[in-house]
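# Summary of structural features
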Amino acid sequence: MTPSLTRSFSPIHLLRSAVRPVLACLAAVALGWAASSASANDRWLTSYDEALAAAEETGRPILTIFTGSDWCPHCRTLEKNVLETETFTRWAEGRVVLLMIDLPQQGISQEERMSRSRVCIKYGVRTFPSALLIGPDGARIAGQSGYTGQSADAWVATMNGHVPAGGRTGDDEPVLSSLDDAVETAKDAKRPILLMVSRPSDKAASTRLASLIKDPEFEAFARDNFVVATVPPEGSPAETESEAVESLLGGAELPADGVELIVTDDGQTPLFSQSGSQPPHRIVNGLRRFLAARQTARR
């Protein structure tokens, strides 16, 4: 009898044949995610001693994130909502040394686990995720336990308020003092201009303006979304520039102690304005609504 060339397949064999390509796809996705994650974390140091050496060399504090990459869902949410955003990246550059202390359930040696655990014990970290600012001398500056879903802007603003002045470098974008300079800078940056207008002889307005500029939430938000300039409406060395600012004000005269915030793209047409006498968080909320409406209108 001639043996049959037809091959029979058992249900188990068929199941294995169907599962193999699925497993292969999952493996490819996992490898791709790992490569992406590794690329995103290239800027983070993982050695406390190396981070301390970098802090001593640069004079910048260490922003340390304590995380559990394979078991802590809130840690992953913090990474996605804050640490992987452009807002955080721009803020961190030139301000802090980045250190990630990861204590996963698997994937590191016992020696490395003990080394990282010692850092947790040294600074009393018991909650994951936790963020800690450490000075170049190893002293604790400030800390934040857990993550409650803050936006990148809010999280960065909170942390920024604890960064010593020495941790900020001359690489920060300056607050300009010329409308012409702001227009030229905005062309390159492709961002709208935020003009902060006050009378140059008004000391109370100048104090209010300086306080607003130094506010952590306003500073982080304005820096990331606008080209910022402080411009007097009168008494400017450039008469034509002074006239342009007065035109943006619509001929209105600033009240005593008054500060006006004007958004413009070209330095000639006002797109949005609001009083600078409001609390910083209300100013930021108003500017955020303007940007959202602007984005919607462009779609």
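Turning next to the overall build of the chain. In terms of regular secondary structure, the chain is built from 11 helices and eight strands. Across the 299 residues in the chain, those meeting the buried criterion constitute 39%. Looking at the chain alone, contacts between residues at least 24 apart form 68% of all its contacts between residues at least 6 apart.

Quick look at the pattern of salt bridges now. Here the structure, examined in full by the defined rule, presents 10 salt bridges. Put simply, E219 and R223 hold a salt bridge, and the shortest N to O gap is 3.1 Å. In this pair, E219 and R223 both sit in helix 9 (residues 216–225), four residues apart, roughly one turn of the helix. Using a relative accessible area of 10% as the deciding quantity, one classes R223 as buried. One salt-bridge network, held together by shared partners, links R95, E219, R223 and D224.

As for its position among the elements, R95 is in the loop between helix 4 (86–92) and strand 2 (97–102). Only 3.2 Å separates the side chain of R95 from the backbone oxygen of W91, close enough to count as a polar contact. Among the polar contacts made by the side chain of R95, one reaches the side chain of E219 at a distance of 3.4 Å.

With that out of the way, let us pick up the sheet that holds strand 2. The four strands lie next to each other as 2-1-3-4, forming an open sheet whose pairing is mixed. Each edge of the open sheet carries a strand with a single partner, namely strand 2 and strand 4 (140–145). In this sheet, adjacent strand axes meet at a mean angle of 15° when their direction is disregarded. Bridge count between strand 3 (residues 130–134) and strand 4: five bridges; the pairing is antiparallel. The partner of L132 across the bridge, within strand 4, is G143. Those strands touched by helix 5 (residues 110–122) are strand 1 (62–67) and strand 2, and its axis lies near 110° from that of strand 2.

Here D153 is to be found in helix 6 (residues 152–160). Classification of D153 as buried rests on a relative accessible area of 18%. In contact with D153, not counting residues within four places along its chain, are T87, F221, D224 and R288.

As a further point, take helix 2 (residues 48–58). Those residues of helix 2 that fall on the buried side of the exposure criterion are Y48, A51, L52 and A55. Buried positions in helix 2, seen along its axis, are confined to an arc of 100° and lie on one side of it. Exposed residues pointing more than 90 degrees away from the buried face of helix 2 are listed as D49 and E57. Packing partners of the buried residues in helix 2 comprise strand 1, strand 2, helix 5 and strand 3. Looking one or two places after helix 2, you find G59, whose phi comes out positive at around 80°.

Glancing now at the sheet that holds strand 5 (residues 193–198). Hydrogen bonds between backbone groups are what pair the strands of a sheet, and the pairing can be parallel or antiparallel. Here four strands make up an open sheet; going across it, the order is 6-5-7-8 and the pairing mixed. Strand pairing shows two members of the sheet lacking a second neighbour, strand 6 (227–231) and strand 8 (270–275), which therefore form its edges. Going from strand to strand, the sheet's axes swing by 20° on average, the running direction of each strand aside. In this fold helix 8 (residues 203–214) packs onto strand 5, strand 6 and strand 7 (259–264), with an angle of close to 150° to the strand it touches most, strand 5.

Attention now moves to the environment of R95. Residue class for R95 comes out buried when judged on its relative accessible area of 1%. Here the alpha-carbon distance between R95 and L63, two residues 32 residues apart in the chain, equals 9.4 Å.

To continue, consider unusual backbone geometry. Note that the residue after F128, namely P129, is joined by a cis bond; omega there is -5°. Tracing the backbone shows P129 in the loop between helix 5 and strand 3. Despite not being glycine, D257 shows a phi value in the positive range, around 65°.

Calculation criteria
- Residues numbered from 1 in each chain as written.
- Predicted model: local features only at pLDDT ≥ 70, side-chain atom pairs only at ≥ 80, totals over all residues.
- Heavy atoms only, no water.
- Helix = DSSP H or I, 4+ residues; strand = E, 2+ residues; numbered from the N terminus.
- Buried < 20%, exposed > 50% of the residue type's maximum accessible area, 1.4 Å probe, protein only.
- Contact = heavy atoms within 4.5 Å.
- Salt bridge = Lys/Arg side-chain N within 4 Å of Asp/Glu carboxyl O.
- Polar contact = N/O pair within 3.5 Å; in protein donor to acceptor, adjacent residues only side chain to side chain.
- Pairing = 2+ DSSP bridges.
- Axes fitted to C-alpha atoms, helices over the stretch in contact; angles between N-to-C directions.
- Arc of directions from axis to C-beta.

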